[in-house]
Amino acid sequence: LLVSAGLLVRSFARVQQVEPGFDPRGVVSLRLAVTGTPYQGERSTEFFRQLLERARALPGVESAGAASTLPLSGSIGWGNITIEGYVPTSGQESIQADQRLAGVGYFETMKVPLISGRHFDERDAGKDALKAVIVDEKMARTYWPGQEAVGKRLKVGGAASEAPWQTVVGVVGSVKQYALDTDSRVTIYMPHGQNPSGTMYVVARTAGDTGALAQA
């Protein structure tokens, strides 16, 4: 029993030292779903855009953003993707990638480091905007080793998918999604402004009292 307890404590201490890829200190989050006719399609995106504008205007708020899934929240989502010009290795049927939506300000609020390129911004909203995507460092290193990932193209689904090609505009650090002791899949982030969703996690960062911010 003593040996088991000692190993458990040591394992816990090691997990506590793992770098999760983001900084949760000072961050308040909530999961919000809007439903019904007033919030269908792009109206839901507009709702979250206005909500985040109001959140950023609150006293003490340094930044705010939204995403379809938060790290270590228990929410997951993945599927096939196709990378332009990539030939799968022998025995590889498809590329499986975590797929998430992210809004303007999300990476900055979570302090996920920007490796190259840019974050999502107002240019990535609307049907006529460039089909943009941000990938994590693990994906860039795996599929474009020694190359610049920014400017590469990929699409959701298999090779026969009719989904539009998306251009990589940025590379961000890899994040522990499932657990601190488990590596995540390669990850792509698609702009919420081009992919309406009525259910999102809203995050806001403050240097002050998180309890007071939560009430606001």
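As shown above, the structure is provided for reference.
Anyway, here's the lowdown on the structure attached to this text. From a predicted model like this one, the values you see are computed outputs, not experimental measurements. (Residues numbered from 1 in each chain as written. Predicted model: local features only at pLDDT ≥ 70, side-chain atom pairs only at ≥ 80, totals over all residues. Heavy atoms only, no water.)

Remarks on the side chain of R100
For step 1, the next point in the chain: Inspection of the secondary structure assignment puts R100 in strand β4 (residues 95-102).
For step 2, the next point in the chain: Within the structure, the side chain of R100 is placed 3.1 Å from the side chain of Q177, a separation counted as a polar contact.
For step 3, the next point in the chain: If we ignore the near neighbours within four places in the chain, the residues touching R100 are S68, T69, Q177, T187, I188, Y189 and M190. (Helix = DSSP H or I, 4+ residues; strand = E, 2+ residues; numbered from the N terminus. Polar contact = N/O pair within 3.5 Å; in protein donor to acceptor, adjacent residues only side chain to side chain. Contact = heavy atoms within 4.5 Å.)

Some thoughts on the pairing of β4
For step 1, the next point in the chain: The buried fraction of β4 is high, at 7 of 8 residues.
For step 2, the next point in the chain: Across 4 bridges, the pairing between strand β3 (residues 78-83) and β4 is antiparallel. Among the inter-strand pairings, I81 is bridged to a residue of β4, identified as I95.
For step 3, the next point in the chain: In this structure, β4 lies alongside strand β9 (residues 187-191), joined through 5 bridges in parallel fashion. Paired with A102 across the bridge in β9 is P191. (Buried < 20%, exposed > 50% of the residue type's maximum accessible area, 1.4 Å probe, protein only. Pairing = 2+ DSSP bridges.)

Quick notes on the nonpolar core
The tendency in soluble globular proteins is for nonpolar side chains to be buried side by side.
For step 1, the next point in the chain: Grouped together as the largest cluster of nonpolar side chains are 30 residues, with contacts concentrated most on I83, V135, M139, W144 and L154.
For step 2, the next point in the chain: Excluding anything up to four places from it in sequence, L154 contacts T82, I83, E84, V133, V135, M139, W144, P164, W165, Q166, V168 and I188.
For step 3, the next point in the chain: Core analysis: the next-biggest nonpolar cluster, separate from the first, contains 18 residues, L70, Y106, Y189 and V203 among them. (Core = buried A, V, L, I, M, F, W, Y, C linked by side-chain atoms within 4.5 Å.)

Some words on the side chain of Q177
For step 1, the next point in the chain: Of note, Q177 is situated in the loop between β8 (166-172) and β9.
For step 2, the next point in the chain: The residues contacting Q177, other than those within four sequence positions of it, are T69, L70, P71, L72, S75, D98, R100 and S184.

Remarks on the packing of aromatic side chains
For step 1, the next point in the chain: Tallied over the full model, the rule gives 6 aromatic pairs.
For step 2, the next point in the chain: Measuring from ring centre to ring centre gives 5.4 Å for Y106 and F107, while their planes differ by 70°; the resulting arrangement is edge-to-face.
For step 3, the next point in the chain: What makes Y106 buried here is its relative accessible area of 3%.
For step 4, the next point in the chain: Judged by relative accessible area, F107 falls into the buried class, the value being 1%.
For step 5, the next point in the chain: Here the aromatic residues Y106, F107, F120 and Y189 are joined through ring pairs into a cluster of three or more.
For step 6, the next point in the chain: Over the aromatic face of W78 sits the side chain of R185, whose NZ or CZ is 3.9 Å from the ring centroid. (Phe/Tyr/Trp six-rings, centres within 6.5 Å; stacked < 30°, edge-to-face > 60°. Lys NZ or Arg CZ within 6 Å of the ring centre and 35° of its normal.)

Re helix α2 (residues 42-56)
For step 1, the next point in the chain: Here α2 is 15 residues long and its end C-alpha atoms lie 21 Å apart, about the 21 Å a rise of 1.5 Å per residue gives.
For step 2, the next point in the chain: Within α2 the residues assigned to the buried category are S44, T45, F48, L52 and A55. Angular distribution of buried residues about the axis of α2 spans 100°; they occupy a single face of the element. Opposite the packed face of α2, turned more than 90 degrees from it, sit the exposed residues R43 and R54.
For step 3, the next point in the chain: In this fold, the buried residues of α2 make contact with β1 (27-33), β2 (61-67) and β10 (199-206). (Expected span 1.5 Å × (residues − 1). Arc of directions from axis to C-beta.)

Taken by themselves, the reported measurements are silent on function.
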